[in-house]
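Structural overview
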Amino acid sequence: MTALGLSPPVTLLNVPNVITAVRTASSVGLAVAALTHRSAHLLVAAYLIYWIGDILDGVAARGLGQETRTGAVFDIVADRACTSACAAALVVLRPATALPVAVFLVQFMVIDQLLSLMFLRWPLLSPNYFACVDRRIYRWNWSPPAKALNTAAVVILAIFAPMAAAVTFALGVAAVKVVSLVCAAKLPAGLPHTRP
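Here's a quick rundown of the structure. (Residues numbered from 1 in each chain as written. Predicted model: local features only at pLDDT ≥ 70, side-chain atom pairs only at ≥ 80, totals over all residues. Heavy atoms only, no water.)

When its secondary structure is counted, the protein chain shows 7 helices and 0 strands. Computed over C-alpha atoms, the radius of gyration of the protein chain comes to 18 Å, within 12% of the 16 Å expected from 2.2 N^0.38 for 196 residues, which places it in the range of a compact globule. Looking at the protein chain as a whole, 39% of its 196 residues are labelled buried. Taking the intrachain contacts of the protein chain between residues at least 6 apart in sequence as the baseline, contacts between residues at least 24 apart amount to 76%. Each charge class in the protein chain was averaged separately, 14 positive and 7 negative side chains, and the resulting centres sit 7 Å apart. (Helix = DSSP H or I, 4+ residues; strand = E, 2+ residues; numbered from the N terminus. Rg over C-alpha atoms; globule rule 2.2 N^0.38 Å. Buried < 20%, exposed > 50% of the residue type's maximum accessible area, 1.4 Å probe, protein only. Contact = heavy atoms within 4.5 Å. Lys, Arg positive; Asp, Glu negative; His and termini not counted. Charge placed at Lys NZ, Arg CZ, Asp CG, Glu CD.)

The end-to-end C-alpha distance of helix 4 (residues 98-117) is 27 Å, a good match for the 28 Å that 20 residues give at a rise of 1.5 Å each. Taken as a whole, helix 4 carries its principal kink of about 30° at F108. Along helix 4, the residues that are buried comprise P100, V101, V103, F104, Q107, F108, I111, D112, L115 and S116. Buried-residue contacts for helix 4 involve helix 2 (40-63), helix 3 (69-93), helix 5 (135-141), helix 6 (144-160) and helix 7 (163-186). (Expected span 1.5 Å × (residues − 1). Bend = angle between axes of the 7 residues up to and from the residue.)

Scanning all chains against the criterion turns up 1 cavity of 30 Å³ or more. Roughly 40 Å³ of volume is contained in the largest cavity. Forming the boundary of the largest cavity are Y47, T83, A87, L90, V101, F104 and V155. Of all the secondary structure elements, the ones that give two or more residues to the lining of the largest cavity are helix 3 and helix 4. Top contributing element to the lining of the largest cavity by residue count: helix 3, with 3 residues. Its residues assigned to classes, the lining of the largest cavity shows 6 nonpolar, 1 polar and no charged. (1 Å grid on protein atoms, 1.4 Å probe; cavity = no way out; pocket = protein on both sides within 12 Å on 5 of 7 lines; lining within 4 Å. Points joined across faces, edges and corners; volume = space filled by probe spheres on them. Nonpolar A, V, L, I, M, F, W, Y, C, P; charged D, E, K, R; others polar.)

Following this line, the structure appears as structure tokens:
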């Protein structure tokens, strides 16, 4: 804080934010190309760039000591851009995935985004530190297994599993997100007090 009580300028240009920007532009570009050319290969590349880039920007942020709340919000928003573009291409390439993908998109674009931004109620750098507030909500949503189940598992099931199984799984993930959001909203804001 400055003498006037203002926050210092936000640093936007750092390694993790550059990775986020590059992976988002690359993934969305490839997803749009997959959509227009009806190319499964381009869609796989778009998803891989999104998922690998999402891992790399987090590793770079923590490893280089460049974690910021602005970077965390940028990452959350960028995830939605990548996901929506890839999902659109997936539905065009595989129309049978439309229902599970629709359930997933409502969950991820609305419920999960609101839940992910809840970290801003506490002095946390990102949702990755939500265990300082509530370990249970962290385990359900931001632990490494939960992150993998939140996006990759739904997409893989939509492609390879029967539609009923994919929809059921997507609805289950949505239910966990709704419960998590309600629980997080009830927690007192301010300094974190770890809950079980």
